[in-house]
Amino acid sequence: MKLTPWYDDLVTYLKDVRPTLTGIESLSMGERDEPFLFEGEPRVGYPLAYAGDGFQRTLRLAAALAEAKGGVVAIDEPEAFAHPRLYA
């Protein structure tokens, strides 16, 4: 992920939501790579799979915006399932 040309924009967008974020990196875990979030000083990392669903959605949205910078991003129902308690 760090090698993509839009990585810096992605991290900048995510820092608006999570100011302590310092980066996202893929770490080798045996035969596969696992994306890790890094935060704070000293840097502390944890698997992206441990992040909440809301942050994972925000990450996907930020990645789409960063990748399409200067272009168009179509977002279909971004609020879907974001606030399930409001409908109960």
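Residues numbered from 1 in each chain as written. Predicted model: local features only at pLDDT ≥ 70, side-chain atom pairs only at ≥ 80, totals over all residues. Heavy atoms only, no water.

For helix α2 (residues 53-67), which comprises 15 residues, the first-to-last C-alpha distance of 21 Å matches the rise-based estimate of 21 Å (1.5 Å per residue) to within 8%. Those residues of α2 lying buried are F55, Q56, L59, A62, A63 and A66. Down the axis of α2, the buried set is contained in an arc of 125°. They therefore lie on one face. Lining the buried residues of α2 we find α1 (7-17), β1 (21-29) and β2 (32-39). (Helix = DSSP H or I, 4+ residues; strand = E, 2+ residues; numbered from the N terminus. Expected span 1.5 Å × (residues − 1). Buried < 20%, exposed > 50% of the residue type's maximum accessible area, 1.4 Å probe, protein only. Arc of directions from axis to C-beta. Contact = heavy atoms within 4.5 Å.)

Where β1 meets β2, eight bridges bridge the pair, whose relative direction is antiparallel. Counted as the bridge partner of L21 is E39 from β2. (Pairing = 2+ DSSP bridges.)

Now for the sheet that holds strand β3 (residues 44-47). Here three strands make up an open sheet; going across it, the order is β1-β2-β3 and the pairing antiparallel. Of all the strands in the sheet, the pair left with one neighbour each is β1 and β3. Between one strand axis and the next, the sheet turns by 35° as a mean value, whatever way the strands run. Across four bridges, the pairing between β2 and β3 is antiparallel. (Axes fitted to C-alpha atoms, helices over the stretch in contact; angles between N-to-C directions.)

This brings us to α1. Of the positions making up α1, those classed as buried are Y7, L10, V11 and L14. Viewed along the axis of α1, the buried residues span an arc of 95°, placing them on a single side of the element. The exposed residues of α1 that point more than 90 degrees off its buried face are D8 and D16. Its buried side turned inward, α1 meets β1 and α2.

What follows deals with the nonpolar core. One finds L10, L14, I24, L37, L48, F55 and L59 to be the most contacted residues of the largest nonpolar core, which totals 16 residues. Looking at this core, the elements with two or more residues in it are α1, β1 and α2. A total of five residues in this core trace back to one element, the largest contributor, which is α2. Residues within four places of F55 in sequence aside, it is in contact with L14, R18, L37 and L48. (Core = buried A, V, L, I, M, F, W, Y, C linked by side-chain atoms within 4.5 Å.)

On to the side chain of E34. Mapped onto the elements, E34 comes out in strand β2. Engagement of the side chain of E34 in a polar contact is seen with the side chain of R32, the distance being 2.4 Å. With residues up to four places along the chain from it excluded, the contact list for E34 reads E25, S26, L27, M29, P47 and A49. (Polar contact = N/O pair within 3.5 Å; in protein donor to acceptor, adjacent residues only side chain to side chain.)

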